[in-house]
Amino acid sequence: MNLPISEDVELDERLYVASVAKAMRVLEAFDQSSQQLSIADITEMSGLGRSATQRFVYTLHRLGYLRRDPASKLYSVSAKVFRFVHGMIGANAALERSYPLLSQLAKDTRETVSWVELDGDEIVVIGNIPSVHLASITLSVGSRFAALSSSSGQVLLCRRGEAELRAMIARLPDAARARFGGQSDEDILAMLGAIGETGYSLTAKSFDEDSLSISAPVLDYAGRPVAAINLSTLASRYTERVARKELVPLVVAAAKAASSL
């Protein structure tokens, strides 16, 4: 597993600290589906050698970023990591300014409302207001999903160049690609073009129950998408037709209002 370089420039070996990159590969092995891992698991998922993995895990454990269960001897990410999450969210001025809009949208619809941003080929839930319904979609802060197959990713990517989008389609994990059914690459590109015209995306997905996800982009002063406002609801409460009529206008209006702040 290789970490993406944050800027599309040639790597400067004089400044690049490889050991930091390796430590981050260890931390990135932990995700929603892999919350407790053994040394062998981390070795396999990080792509590092076992000896290197042991050294980085030991160091991160000593620093308090990993914790170890004495009984199972499995490692997990500690609460100390949330210092970075708190700092990131606290420094997100756009989210802070838009939070009253998210709160109002959640109040008006009684559904789960999230602030979502793009991170490479994935989207990340940065802020979330849960639904008041007992049966609802839960999207915790930090949740990640493949961008192209999610409504938020589609509104954030729909105006990217064709070559970039084709490359992203080629990199889609099998599970994410399966969500497009039998659609060809051209079909997906056409769908993204249509989303760019309408200004929103609505996707159907399956968690514990079938659900609908609606997203609209938040734009900066130059008209570039910086985030998406997402609303997630259950198909048992809204058919797709009713959701387009009643919920889509509210999500689009909230995103437009956030774009003007």
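Residues numbered from 1 in each chain as written. Predicted model: local features only at pLDDT ≥ 70, side-chain atom pairs only at ≥ 80, totals over all residues. Heavy atoms only, no water.

J.: Sorry, what's going on with the overall build of the protein chain here?
T.: What the protein chain contains, in helices and strands, is 11 helices and 8 strands. Relative to its length of 261 residues, the protein chain is compact, with a C-alpha radius of gyration of 20 Å against a globular reference of 18 Å. Each principal axis of the C-alpha atoms in the protein chain carries an extent, and together these give about 55 × 40 × 40 Å. Intrachain contacts of the protein chain at a sequence separation of at least 6 include 52% that bridge at least 24 residues. Positive and negative side-chain charges of the protein chain, numbering 28 and 30 respectively, have mean locations separated by a distance of 6 Å. (Helix = DSSP H or I, 4+ residues; strand = E, 2+ residues; numbered from the N terminus. Rg over C-alpha atoms; globule rule 2.2 N^0.38 Å. Contact = heavy atoms within 4.5 Å. Lys, Arg positive; Asp, Glu negative; His and termini not counted. Charge placed at Lys NZ, Arg CZ, Asp CG, Glu CD.)

J.: What is the right way to read the nonpolar core from this model?
T.: Side chains of a nonpolar character, in soluble globular proteins, are inclined to be buried together. W115 and I229 are the most contacted members of the largest nonpolar core, which has 27 residues in total. Those elements giving two or more residues to this core turn out to be helix 5 (93-109), strand 3 (112-119), strand 4 (122-129), strand 7 (210-219), strand 8 (225-234) and helix 11 (248-259). Ranked by residues supplied to this core, first place goes to helix 11 with 6 residues. (Core = buried A, V, L, I, M, F, W, Y, C linked by side-chain atoms within 4.5 Å. Buried < 20%, exposed > 50% of the residue type's maximum accessible area, 1.4 Å probe, protein only.)

J.: Looking at this structure, I do not really get helix 7 (residues 162-170). What am I missing?
T.: Because the α-helix completes a turn every 3.6 residues, residues three or four places apart line up on one side. Within helix 7, burial applies to L165, M168 and I169. Projected onto a plane normal to the axis of helix 7, the buried residues spread over an arc of 100° and lie on a single side. In helix 7, the exposed positions that point more than 90 degrees away from the buried face belong to A163 and A170. On its buried face, helix 7 is in contact with helix 6 (151-157), helix 8 (174-178) and helix 9 (185-198). (Arc of directions from axis to C-beta.)

J.: Hey, could you run me through the pairing of strand 4 in this one?
T.: Side-chain positions along a regular strand alternate between the two faces of the sheet. For strand 4, a buried count of 7 out of 8 residues is recorded, marking the element as mostly surrounded by other parts of the structure. By the bridge criterion, 7 bridges tie strand 3 to strand 4 in an arrangement that is antiparallel. Across the sheet, L118 pairs through a bridge with I123, a residue of strand 4. Between the end of strand 3 and the start of strand 4, which pair antiparallel, lie 2 residues, with G120 showing a positive phi angle near 65°. Sheet topology note: the strand 4/strand 5 (residues 144-146) ladder contains 3 bridges and is antiparallel. (Pairing = 2+ DSSP bridges.)

J.: I'm lost on the packing of aromatic side chains in this one. Help?
T.: Describing an aromatic ring pair means giving the distance of the ring centres and the angle of the ring planes. Tallied over the entire structure, the rule returns 0 aromatic pairs. Between K80 and the ring centre of Y65, over which it is positioned, the NZ or CZ distance is 4.7 Å. Just above the ring of Y221 sits the side chain of R224; from NZ or CZ to the centre is 5.5 Å. (Phe/Tyr/Trp six-rings, centres within 6.5 Å; stacked < 30°, edge-to-face > 60°. Lys NZ or Arg CZ within 6 Å of the ring centre and 35° of its normal.)

J.: So what exactly am I meant to see when it comes to the pattern of salt bridges here?
T.: Two side chains that carry opposite charge are able to pair once their charged atoms sit near each other. Using the criterion set out here, one finds 11 salt bridges in the structure. Across the salt bridge formed by R14 and D12, the nearest N and O atoms sit 2.9 Å from each other. Between D119 and R144 there is a salt bridge, with its nearest N and O atoms 2.7 Å apart. With D119 in strand 3 and R144 in strand 5, this residue pair connects regions lying 25 residues apart in the sequence. (Salt bridge = Lys/Arg side-chain N within 4 Å of Asp/Glu carboxyl O.)

J.: Is there a simple way to think about the packing of helix 5 against helix 11 in this case?
T.: Each packed pair of helices is defined by two parameters, the angle between the axes and the distance between the axes. Direction vectors running N to C along helix 5 and helix 11 enclose 170°, while the axes themselves pass 9 Å from each other. Relative to helix 11, helix 5 is oriented roughly antiparallel. Crossing of helix 5 against helix 11: the hand is right-handed. Packed against helix 5, whose contacting residues are S98, L101, L105 and T109, the element helix 11 presents L250, V251, A254, A257 and A258 at the interface. (Axes fitted to C-alpha atoms, helices over the stretch in contact; angles between N-to-C directions. Parallel < 35°, antiparallel > 145°, perpendicular 65-115°, else oblique. Left-handed = near helix turned anticlockwise from the far one by under 90°.)

J.: For this particular structure, what's the right way to read helix 5?
T.: In a regular helix each residue adds 1.5 Å, so 17 residues correspond to 24 Å; helix 5 covers 25 Å between its end C-alpha atoms and thus fits that length. Y99 marks the point of greatest bend in helix 5, at about 45°, and the proline P100 comes within the next four residues. Of all the residues in helix 5, the buried ones are L95, S98, L102, L105, A106 and T109. Positioned one or two residues after helix 5, R110 has a phi angle of 65°, which is positive. (Expected span 1.5 Å × (residues − 1). Bend = angle between axes of the 7 residues up to and from the residue.)

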